[in-house]
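Now for the letters of each chain:
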Amino acid sequence: MGFGKVAGIGLASVFALLVAMSVAGVVLANSIPGPLEVKIPEADLTGVKMYGGSYPEGSSNPVPVVVQEVDSLSCPLGQTITRTMTVAGVKITATISMDKAELSEVLMKARTLTSSSGDLSGVTLETQQEPLGLLQTVSSGTMNNLEAEVYFVSMTTLGYEGLGIEITVG
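### Observations regarding the overall build of the protein
Item 1. What the protein contains, in helices and strands, is 1 helix and 10 strands.
Item 2. Counting from the amino terminus, the protein carries its helices and strands in the arrangement α-β-β-β-β-β-β-β-β-β-β.
Item 3. Here the protein, with 170 residues, has 30% of them falling under the buried criterion.
Item 4. Summarising the internal contacts of the protein: among those between residues at least 6 apart in sequence, 73% fall at separations of at least 24.
Item 5. For the protein, the accessible surface area stands at approximately 9,700 Å², while carbon and sulfur atoms represent 57% of it.

And the structure:
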């Protein structure tokens, strides 16, 4: 068996473990699993739309979130995604890191979203009916030391360099 097949099987096994952890979090934790911790040292964004929402929608016990729709997100200094949970009394932490990442058509629902500094262009703020509340649009910009506690994220494409996956127990 070639290295590519072994690496592919290993990566598939790690993703299977992450899926199993996610399912276990849904089954063994509360109805809404705790958020992922996302850290991006430099986030270059275009086509941003932010507003209020809830997760999961239609739930009897939803969590208020900031919904962020981004046309493109570049992470030239990489990003780190961490999920810590307790399964059957054992603390498990899964960390996915990338040295560099490019994402398109990103939809993110976050409990918190913070940035230490940045530069945004083409900013518009507009009040909206519930549940949006305040709608913010941004043509482009950079957010430094972006940190978010994310309940949900999806994207159309993800390109990366230097993928690392680490799982620690205890």
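### A short note on the packing of aromatic side chains
Item 1. Inspection of the entire model under this criterion finds 2 aromatic pairs.
Item 2. With centroids separated by 5.8 Å and ring planes inclined at 20°, the aromatic side chains of Tyr-55 and Tyr-151 adopt a geometry described as stacked. Within this pair, whereas Tyr-55 is found in strand S1 (residues 36–55), its partner Tyr-151 is found in strand S8 (residues 134–154), the two being separated by 96 residues in sequence.
Item 3. Classification of Tyr-55 by relative accessible area gives partly exposed; the value is 21%.

### What to know about the pairing of S8
Item 1. When S1 meets S8, the two strands line up antiparallel, connected through 13 bridges. Each bridged residue has a counterpart across the sheet, and for Glu-37 the counterpart in S8 is Glu-149.
Item 2. Taken together, the 7 bridges between strand S5 (residues 100–114) and S8 define a ladder with antiparallel strand orientation. Bridging from a neighbouring strand, Thr-114 pairs with Glu-147 of S8.
Item 3. The pairing of strand S6 (residues 117–121) with S8 spans 5 bridges and is antiparallel. Each residue of the ladder has a partner; that of Gly-118, found in S8, is Met-143.
Item 4. Hairpin connection between strand S7 (residues 124–127) and S8: a loop of 6 residues separates the two successive antiparallel strands, and Gly-133 in this loop has a positive phi of roughly 75°.

### Quick notes on the environment of Cys-75
Item 1. By the element assignment, Cys-75 lies in strand S2 (residues 63–75).
Item 2. The spacing of Cys-75 and Asp-44 is 31 residues in sequence and 6.5 Å in space, taken between C-alpha atoms.

### Digging into the nonpolar core
Item 1. One finds Ile-40, Leu-45 and Leu-73 to be the most contacted residues of the largest nonpolar core, which totals 21 residues.
Item 2. Of all the secondary structure elements, the ones that give two or more residues to this core are S1, S2, strand S4 (90–98), S5 and S8.
Item 3. If you tally residues by element for this core, the top one is S1, at 6 residues.
Item 4. Apart from residues no more than four positions distant in its own chain, Leu-73 is found in contact with Ile-40, Ala-43, Asp-44, Leu-45, Ala-101, Glu-102, Leu-103 and Val-106.

Scoring rules and cut-offs
Residues numbered from 1 in each chain as written. Predicted model: local features only at pLDDT ≥ 70, side-chain atom pairs only at ≥ 80, totals over all residues. Heavy atoms only, no water. Helix = DSSP H or I, 4+ residues; strand = E, 2+ residues; numbered from the N terminus. Buried < 20%, exposed > 50% of the residue type's maximum accessible area, 1.4 Å probe, protein only. Contact = heavy atoms within 4.5 Å. Areas by Shrake-Rupley, 256 points an atom, 1.4 Å probe, with all protein chains shown as cover. Phe/Tyr/Trp six-rings, centres within 6.5 Å; stacked < 30°, edge-to-face > 60°. Pairing = 2+ DSSP bridges. Core = buried A, V, L, I, M, F, W, Y, C linked by side-chain atoms within 4.5 Å.

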